[in-house]
Amino acid sequence: MKIRICLFLLSIFCVLTLSGCHAALGAGDTQKDLQRLQQAEIYSADGNLLCTITDEDTLKQFNQIHWADLSSGTQAAGMGTEDESLSVQRTIILYKTPAALLHDESLEKYLELTVYEKSNIIKEQIAPENVKAIPVPEELLTFYVTVSDEEKELLLSLAEV
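Residues numbered from 1 in each chain as written. Predicted model: local features only at pLDDT ≥ 70, side-chain atom pairs only at ≥ 80, totals over all residues. Heavy atoms only, no water.

**Quick notes on the overall build of the chain**
- Summing up its helical and strand segments, the chain has four helices and six strands in all.
- Across the chain, helices and strands are ordered from the amino to the carboxyl terminus as α-α-β-β-α-β-β-β-β-α.
- Among the 161 residues that make up the chain, the fraction classed as buried is 34%.
- Partitioning the contacts of the chain with sequence separation of at least 6, the portion at a separation of at least 24 is 58%. (Helix = DSSP H or I, 4+ residues; strand = E, 2+ residues; numbered from the N terminus. Buried < 20%, exposed > 50% of the residue type's maximum accessible area, 1.4 Å probe, protein only. Contact = heavy atoms within 4.5 Å.)

Written as structure tokens, this is what we have:
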């Protein structure tokens, strides 16, 4: 009986010790924070490449803007035909590394954001190749989000980095 109690206490001690090591290793892991985001390309309204961002700190800042702030906006209803009347100010294309363990170091298109002039509407279009299981129409992968002026300015400031 004493052996069972000792083994039980030893196993609890090992679990607590090893879980503490895992928590310390995961703290501040930039690659994990980026969620495989590797590159952002920013294009002007006429389609010219303005800049390519590969700096981890800038990508991390952008990733925090996108997933925390933009998703808090509300979806603009009925935007499918309305976006032709808006003029494009910037297009931001995000690339990530594939999830497969064995990949050829090529990046895959992840998301395309379109920022419109004189509007707080952002068009988010998920790349169809990201949905691997079934073919999904492009219309189901397009979302319109309204953002605040500050969020829009943060997105536009990325081209100046």
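Structure's up, so let's keep going.
**Quick notes on a nonpolar patch on the surface**
- A grouping of Met1, Ile5, Phe8, Leu9 and Ile12 is seen on the molecular surface, where their side chains present a nonpolar patch of about 550 Å² in accessible area.
- Looking at the secondary structure, you find Ile12 in helix α1 (residues 2-26). (Patch = residues over 30% accessible without salt bridge, like charges linked within 9 Å, V, L, I, M, F, W, Y side chains within 5 Å. Areas by Shrake-Rupley, 256 points an atom, 1.4 Å probe, with all protein chains shown as cover. Salt bridge = Lys/Arg side-chain N within 4 Å of Asp/Glu carboxyl O.)

**Here's the deal with unusual backbone geometry**
- With phi around 55°, Lys118 is a residue other than glycine that occupies positive phi space.
- Relative to the helices and strands, Lys118 resides in the loop between β4 (108-116) and β5 (121-126).
- Looking at Lys118, the relative accessible area reads 84%, which means it is exposed.

**A word on the environment of Thr114**
- Tracing the backbone through its elements, the reader meets Thr114 in strand β4.
- Among residues more than four places away in sequence, those in contact with Thr114 are Val88, Arg90, Thr91, Ile121, Ile122 and Lys123.

**Notes on the confidence of the model for the chain**
- Averaged over all residues, the pLDDT of the chain equals 75, while 70% of them reach at least 70.
- Confidence over residues 66-78 falls short of pLDDT 50; this stretch has 24 contacts with residues more than four positions distant or in other chains. (pLDDT = per-residue confidence, 0-100.)

**A word on the pairing of strand β2 (residues 49-53)**
- Two elements, strand β1 (residues 37-44) and β2, share four bridges in a ladder whose sense is antiparallel. Bridge pairing in β2 links Ala40 to Ile53. (Pairing = 2+ DSSP bridges.)

**So, a negative patch on the surface**
- Together, Asp149, Glu150, Glu153 and Glu160 make up a negatively charged patch on the protein surface.
- By secondary structure assignment, the location of Glu153 is in helix α4 (residues 149-157).
- Judged by its relative accessible area of 52%, Glu153 falls in the exposed class. (Lys, Arg positive; Asp, Glu negative; His and termini not counted. Charge placed at Lys NZ, Arg CZ, Asp CG, Glu CD.)

**Some thoughts on the sheet that holds β5**
- Pairing within the open sheet is antiparallel, and its six strands lie in the order β2-β1-β3-β4-β5-β6. Each edge of the open sheet is held by one strand with a lone partner, namely β2 and β6 (142-146). Averaged over all adjacent pairs, the angle separating strand axes in this sheet is 20°, with direction ignored.
- Bridging between strand β3 (residues 88-96) and β4 involves eight bridges; their strand directions are antiparallel. Bridge assignment links Tyr95 to a residue of β4, and that residue is Lys109. (Axes fitted to C-alpha atoms, helices over the stretch in contact; angles between N-to-C directions.)

**Remarks on the side chain of Glu151**
- Summarising the element assignment, Glu151 is placed in helix α4.
- Lacking a salt bridge, the buried Glu151 has Lys152 as its closest oppositely charged neighbour, with an N-O distance of 11 Å.
- At a separation of 3.0 Å, a polar atom in the side chain of Glu151 contacts the main-chain amide nitrogen of Ser148. (Polar contact = N/O pair within 3.5 Å; in protein donor to acceptor, adjacent residues only side chain to side chain.)

**Observations regarding the nonpolar core**
- Among the nonpolar cores identified, the biggest contains 19 residues, and Ile53, Phe62, Ile92, Leu94 and Leu155 are the most heavily contacted of them.
- Within the residue set of this core, elements represented by two or more residues are β1, β2, α3 (56-69), β3, β4 and α4.
- Among the elements that make up this core, the one with the highest residue count is β4 (four residues).
- Ignoring any residue separated from it by four or fewer positions in sequence, one finds Phe62 in contact with Leu37, Ile92, Leu94, Leu113, Leu155 and Leu158. (Core = buried A, V, L, I, M, F, W, Y, C linked by side-chain atoms within 4.5 Å.)

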